[in-house]
Amino acid sequence: MFRSLPLIILNLIIVNKMFSQSSELGRFTVNYIKGCIPFEVNIISENLDSTVDVIQYDFDFNTTNNVFNPNSGKSFTYTTPGKYIIAQAINQDGVEKIDLIEIEALKPSEIDISFLNCPGGFTEILLGDNNYDNYNLYVQNTFQQEIISGSNIIDYSNKLSINNLFEGYIVGSVGGNEINCSKYSFSIAPINAENNLIIDSVTLSNDRTSYLIKINPERSTNYEVFIDNKTDSIFITPSYLYFEHSNLELKNESFNERCISIFKNYGCDTESIEDKICLIYLNVTEIENGINVEFNSNGEFDSLLILKNGLKIQSINNNKNKFIDNNGILSSLEYCYQVIGFKDEKKSISNTFCVSPLNNYNPIPIPNAFTPNGDGLNDIFKPFPSDISDFKMFIFNKFGEKLFESNDINVGWDGYFKGKIMQDTYIYKIEFLKDGQIINVSDKFLLIK
């Protein structure tokens, strides 16, 4: 009798197996014949007459040696992928009989799926997966349809939640069983395809090893980033956006990357939208007559600004890529420069480059000529108003004779010496205190009579 034998060797012929929920001889039925691990199989019914007095099950029957290892119950959970045989052994009228069914346990695999949102309340679901028998779409926990391999166009305009979102999941199914199989959850918001401004700005880091792109994202939209015409990354924005702008920080792999294009991609054969901006690389050096601010870019801009210590000092057109700063510069102080290019409401911000010059360059603005003719215009030689103290100015002729001196920046020379005005070239020497430094400057200027 089976109940007295813990291990039974059976001699039998294995017949062809069929993939169904009922066993080969129809004596028992299981809940599922395929499933994802952990896969629980239950004996849900038995078709046996009253003459059967022993019923036992082996959930991993070995068909090679026909060894039967009885299980204590009528359910079993498979935790390792593979194909298994469930064997039912009965004793009927003193005869040992066996019935079989094949079970397959599979390891769940991530579903290869992507969404392309479309204008007008549609989305395109792209399925590139064949690991499961079926892929079922659920919206708000209600089955909608099966998703097939390739492109699936879904009209979700009448399937929005109270939050105005298309929400649900896609789950893989094997043998009609979804339990423990991979699930892909989604939350899609209707889109507005009218905003063509994707990029707000790009800023090159000071060490040029990275750059920060600020974008104006749209909900539930696919974006593709190209660097110098090569794909860098692809991403989809969430259905909820809490900020007006988002930041993308990218590595400057070659230390010489040039232009960034971002495409806003829609599905359903809707045309993509592209926005583009180019990086600006800045280099600053001290030269003989000032600070040389030089930059380069592969992009064209509507306008360009040069900043010094955060303040605008020059506006230039797109045909120039350098500027010499030689006004208001004191030796040993640090000056930090930056260039900003503007293009179609976007801006490209260069790296910041700081220098500490060895020399002074026009620390205060001083004219190189004046016309003391009594017309009220440029009649007095003196520096332009500046934030300085301890001012002293001396005027000399070409023979070194002192003609004038002043201790007030607002008091200048009217051109008279010994009652006469003589057109000639003169020399000034000026001393003052600025930013904690005593500055001495001297140069020539012209008196025009």
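The structure we're discussing is the one just above.
Per-chain numbering applies: the sequence of each chain, read as written, is numbered from 1 onward. A pLDDT threshold of at least 70 governs which residues receive local features in this predicted model, and a stricter bar of 80 or more applies before side-chain atom pairs are shown or counted, although totals over entire chains, interfaces and linings include all residues. Hydrogens and water are ignored here; the side-chain numbers use all heavy atoms of the structure.

## Describing the overall build of the chain
Each helix is a run of DSSP H or I of at least 4 residues and each strand a run of E of at least 2, with the numbering of both proceeding from the N terminus. The helix and strand inventory of the chain stands at 0 helices and 38 strands. Overall, the C-alpha framework of the chain stretches about 150 × 45 × 35 Å when taken along its three principal axes. Taking the contacts inside the chain whose residues are at least 6 apart along the sequence as the reference set, 59% of them involve residues at least 24 apart. Across the chain, 35 positive and 57 negative side-chain charges occur, with their mean positions spaced 10 Å apart. Contacts are assigned to residue pairs that have any heavy atoms within 4.5 Å of one another. For the purpose of charge, His is not counted, nor are the chain termini; Lys and Arg are scored as positive and Asp and Glu as negative. Charge positions come from single atoms, namely NZ of Lys, CZ of Arg, CG of Asp or CD of Glu.

## What about the state of the cysteines?
Only a pair of cysteine sulfur atoms within 2.5 Å counts as a disulfide in this structure description. Taken as a whole and assessed by the stated rule, the structure comprises 4 disulfides. Linked covalently through their sulfurs, Cys36 and Cys181 form a disulfide whose S-S length is 2.0 Å. Disulfide Cys36-Cys181: the torsion about the S-S bond is 90°, which places it as right-handed. Taken together, the positions of Cys36 in strand S3 (residues 34-36) and Cys181 in the loop between strand S15 (166-173) and strand S16 (183-188) put the pair 145 residues apart, joining distant regions of the chain. What makes Cys181 buried here is its relative accessible area of 9%. One disulfide bridge connects Cys118 with Cys268, the sulfur atoms lying 2.0 Å from each other. Negative torsions about the S-S bond denote left-handed disulfides, and the value of about 75° found for Cys118 with Cys268 makes this one right-handed. Placement of the pair is Cys118 in strand S10 (residues 113-118) and Cys268 in the loop between strand S22 (259-265) and strand S23 (273-278), with a sequence separation of 150 residues. Residue Cys268 is classed as partly exposed on the basis of its relative accessible area, which comes to 25%. Here's how the labels work: a residue is buried when its accessible area is under 20% of the maximum for its type, exposed when over 50%, partly exposed in between, all with a 1.4 Å probe on protein chains only.

## Some thoughts on the packing of aromatic side chains
Given two aromatic rings, one states the distance between the centres and the angle between the planes to describe the pair. The rule is short: rings of Phe, Tyr and Trp, with Trp giving its six-membered ring, pair when the centres are within 6.5 Å, and they are stacked under 30 degrees, edge-to-face over 60, tilted in between. Under the criterion given, the structure shown has 25 aromatic pairs. Between Phe115 and Phe186, the aromatic rings sit 4.9 Å apart at their centres with planes inclined by 35°, giving tilted as the arrangement. Of this pair, Phe115 sits in strand S10 while Phe186 sits in strand S16, and the two are 71 residues apart along the sequence. Relative to Tyr428, the ring of Phe381 has its centre 5.7 Å away and its plane inclined at 40°; by these criteria the two rings are tilted.

## Observations regarding the sheet that holds strand S8 (residues 82-92)
A pair of strands is labelled paired if DSSP reports no fewer than 2 bridges between them. The 4 strands lie next to each other as S3-S9-S8-S5, forming an open sheet whose pairing is mixed. One side of each edge strand has no neighbouring strand; the edge strands of this open sheet are S3 and strand S5 (52-58). Averaged over all adjacent pairs, the angle separating strand axes in this sheet is 25°, with direction ignored. Bridging between S8 and strand S9 (residues 95-106) involves 11 bridges; their strand directions are antiparallel. If you follow Asn91 over to S9, its bridge partner there is Glu96. Think of each axis as a best-fit line through the C-alpha atoms, taken over the contacting stretch in the case of a helix, with angles from 0 to 180 degrees between the N-to-C directions.

## Overview of the pairing of S15
The element S15 is extensively covered by neighbouring structure, given that 7 of its 8 residues are classed as buried. With 6 bridges connecting them, strand S12 (residues 134-139) and S15 associate as antiparallel partners. Residue pairing in the sheet places Tyr135 in a bridge with Gly172 of S15. Note: S15 against S16, 6 bridges, orientation antiparallel. Residue pairing for S16: Val171 is matched across the bridge by Lys183.

Function cannot be read off these values alone, since they describe shape.
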